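So the chains spell out like this:
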Amino acid sequence: MAMNVKYRVLGVMSGTSLDGIDLAICTFTKNPYWEFKIEKSKTLKYSSYWKKTLSKLHTKSKTIISATDIEYGKFLAETINIFIENEKIDFISSHGHTISHQPENNYTLQIGNGKTIANITKIKTINNFRKLDVSLNGQGAPLVPIGDLHLFNDYKYCVNLGGFANISIKEKGNITAFDICPVNIVMNKVCEKLELEFDRNGDIAKKGILITELLEKLNHLSFYKQKPPKSLGREWVEKFINPLLLKNYKTEDLLNTFCEHIAIQISKFLNNQSALFTGGGVFNSYLINRISHHSKSEIFIPSCEIINFKEALIFAFLGVLKLKNEINCLQSVTGSKQDNCGGEINNPM
């Protein structure tokens, strides 16, 4: 009988909310279903230099973006080298950091140059997971559902509360998935008014009062009427959400109202059975209470390790599927012409 093949992979993820870089060494075995273990994990906060650079990069010239792609690749590689010192891993699977996501214009860009990472770490590196799907007229997002399907099959719904909320819904062996609404990308921005990085436990939101006319406007944005597949990016937030927040509202009222908005949008899809919630937004207990209040599903919150590193874990898994030349991006999720196997493999020189 054939032996189980075991992969030991470093998954690297940087989310839109600029919390930092998630690093997770994960092992995967298949027998006959996929099993995983997160062996070592860490989130590295961004320095003020990288926070500033990444948040402004979309406004810069192509030349500056290309140079930053290499510089950021170098920074990731050096970060990785410190993290994996004395560790043996088969390859690195890196999401990079999204600078622009415009699938409607056949364009998506994640920086963190794969060749640079491979050359500095001397380890095979897989990156650029979204590009192929977008070239096939897909959204290039979300990519996590393939992991939800193979690694988290016990739950009907998997919801991630990151910069944006996205959901995977399993129905009779099929899976659909899409972005629901913004979460931390807006909430953390609102918190900057109070010189805070985020609203710990949702304590500030809890003190606020609901602004009903703002809630109405948010809930009536046309994106929410669109049928999936659909995905959100920073560009959409700047165009449609930010102008609504410009009025002279109290910060706690804005946070309270935005929590209510998120809870209402997410709960539309949670009709029964269990829902697994992950991502940084899970630590906002006020937000979770509001989602519970509006929804008909039982909300399940896993260990901190899964909450924080599920996306890094799944990008590691996407790399395994790429290496095996198996489907890692689903037509039913992204709306592309076909299921596909995204990612670019960079061997060290």
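Below, the structure is looked at part by part.

The rules we used
Residues numbered from 1 in each chain as written. Predicted model: local features only at pLDDT ≥ 70, side-chain atom pairs only at ≥ 80, totals over all residues. Heavy atoms only, no water. Helix = DSSP H or I, 4+ residues; strand = E, 2+ residues; numbered from the N terminus. Rg over C-alpha atoms; globule rule 2.2 N^0.38 Å. Buried < 20%, exposed > 50% of the residue type's maximum accessible area, 1.4 Å probe, protein only. Contact = heavy atoms within 4.5 Å. Areas by Shrake-Rupley, 256 points an atom, 1.4 Å probe, with all protein chains shown as cover. 1 Å grid on protein atoms, 1.4 Å probe; cavity = no way out; pocket = protein on both sides within 12 Å on 5 of 7 lines; lining within 4 Å. Points joined across faces, edges and corners; volume = space filled by probe spheres on them. Nonpolar A, V, L, I, M, F, W, Y, C, P; charged D, E, K, R; others polar. Pairing = 2+ DSSP bridges. Polar contact = N/O pair within 3.5 Å; in protein donor to acceptor, adjacent residues only side chain to side chain. Axes fitted to C-alpha atoms, helices over the stretch in contact; angles between N-to-C directions. Phe/Tyr/Trp six-rings, centres within 6.5 Å; stacked < 30°, edge-to-face > 60°.

### Observations regarding the overall build of the protein chain
Looking only at helices and strands, the protein chain has 13 helices and 13 strands in total. Computed over C-alpha atoms, the radius of gyration of the protein chain comes to 20 Å, within 12% of the 20 Å expected from 2.2 N^0.38 for 349 residues, which places it in the range of a compact globule. With respect to the three principal axes, the spread of C-alpha positions in the protein chain is 60 × 45 × 40 Å. For the protein chain, buried positions account for 56% of its 349 residues. Sequence-distant contacts, at least 24 apart, represent 70% of the contacts inside the protein chain between residues at least 6 apart. Accessible surface computed for the protein chain: about 16,200 Å², of which carbon and sulfur atoms make up 52%.

### Structural notes on the layout of surface pockets
Computed from the structure, the second largest pocket encloses a volume of approximately 510 Å³. Lining the second largest pocket are 23 residues; nearest its centre among them are Asp69, Tyr107, Thr108, Leu109 and Gln110. Looking at the lining of the second largest pocket, the element that brings in the most residues is strand 6 (residues 107–111), giving five residues. For the lining of the second largest pocket, a count of residues per class yields six nonpolar, eleven polar and six charged.

### A look at the pairing of strand 5 (residues 97–102)
A regular strand places its side chains so that they alternate between the two faces of the sheet. Bridging between strand 5 and strand 6 involves five bridges; their strand directions are antiparallel. Residue pairing across strands places Thr98 opposite Gln110, the latter belonging to strand 6. Where strand 5 folds back on strand 6, the antiparallel hairpin that results is connected by four residues, among which Asn106 adopts a positive phi of roughly 55°.

### Some remarks on the side chain of Ser297
Here Ser297 lies in the loop between helix 11 (285–294) and strand 12 (298–300). Side-chain polar atoms of Ser297 contact the backbone oxygen of Asn272, separated by 2.7 Å. Those residues within four positions of Ser297 in sequence are excluded, and the remaining contacts are Tyr157, Leu270, Asn271, Asn272, Gln273 and Ala275.

### Some remarks on the sheet that holds strand 9 (residues 164–171)
Read from one edge of the open sheet, five strands run 10-9-8-11-12, paired in mixed fashion. Each end of this open sheet is capped by a strand with a single partner; those strands are strand 10 (174–182) and strand 12. Going from strand to strand, the sheet's axes swing by 20° on average, the running direction of each strand aside. Where strand 11 (residues 274–278) meets strand 12, three bridges bridge the pair, whose relative direction is parallel. If you follow Ser274 over to strand 12, its bridge partner there is Glu298.

### So, the environment of Gln102
Inspection of the secondary structure assignment puts Gln102 in strand 5. Apart from the residues within four sequence positions on either side, Gln102 is in contact with Tyr107 and Glu235.

### Let's talk about the sheet that holds strand 7 (residues 125–127)
Sheet architecture is open: six strands sit in the order 3-2-1-4-7-13, paired in mixed fashion. One side of each edge strand has no neighbouring strand; the edge strands of this open sheet are strand 3 (34–44) and strand 13 (344–346). Strand-to-strand, the axes of this sheet are offset by a mean angle of 25°, without reference to chain direction. Bridge count between strand 1 (residues 6–14) and strand 2 (residues 21–30): nine bridges; the pairing is antiparallel. Each residue of the ladder has a partner; that of Leu10, found in strand 2, is Ile25. Across the sheet, helix 2 (residues 62–83) lies against strand 1, strand 2, strand 3 and strand 4 (91–94), angled at about 65° from strand 2, the strand it touches most.

### Some words on the pairing of strand 8 (residues 157–161)
Counting buried residues along strand 8, five of its five residues qualify, which places the element largely inside the surrounding structure. Burial along strand 8 is two-sided: the face carrying Tyr157, Val159 and Leu161 and the face carrying Cys158 and Asn160 are both buried. By the bridge criterion, five bridges tie strand 8 to strand 9 in an arrangement that is antiparallel. Counterpart to Cys158 in the pairing with strand 9 is Ser168. Linking strand 8 to strand 9, which pair antiparallel, is a turn of two residues. Sheet topology note: the strand 8/strand 11 ladder contains four bridges and is parallel. In the sheet register, Asn160 faces strand 11, and the bridge partner there is Thr278.

### A short note on the packing of aromatic side chains
Tallying each qualifying case throughout the model produces 14 aromatic pairs. Relative to Phe317, the ring of Trp34 lies with its centre 5.3 Å away and its plane at 80°, an arrangement referred to as edge-to-face. Of this pair, Trp34 sits in strand 3 while Phe317 sits in helix 12 (residues 304–323), and the two are 283 residues apart along the sequence. Comparing Trp34 with Phe317, the two get one shared label, buried. With centroids separated by 5.1 Å and ring planes inclined at 20°, the aromatic side chains of Trp50 and Phe75 adopt a geometry described as stacked.

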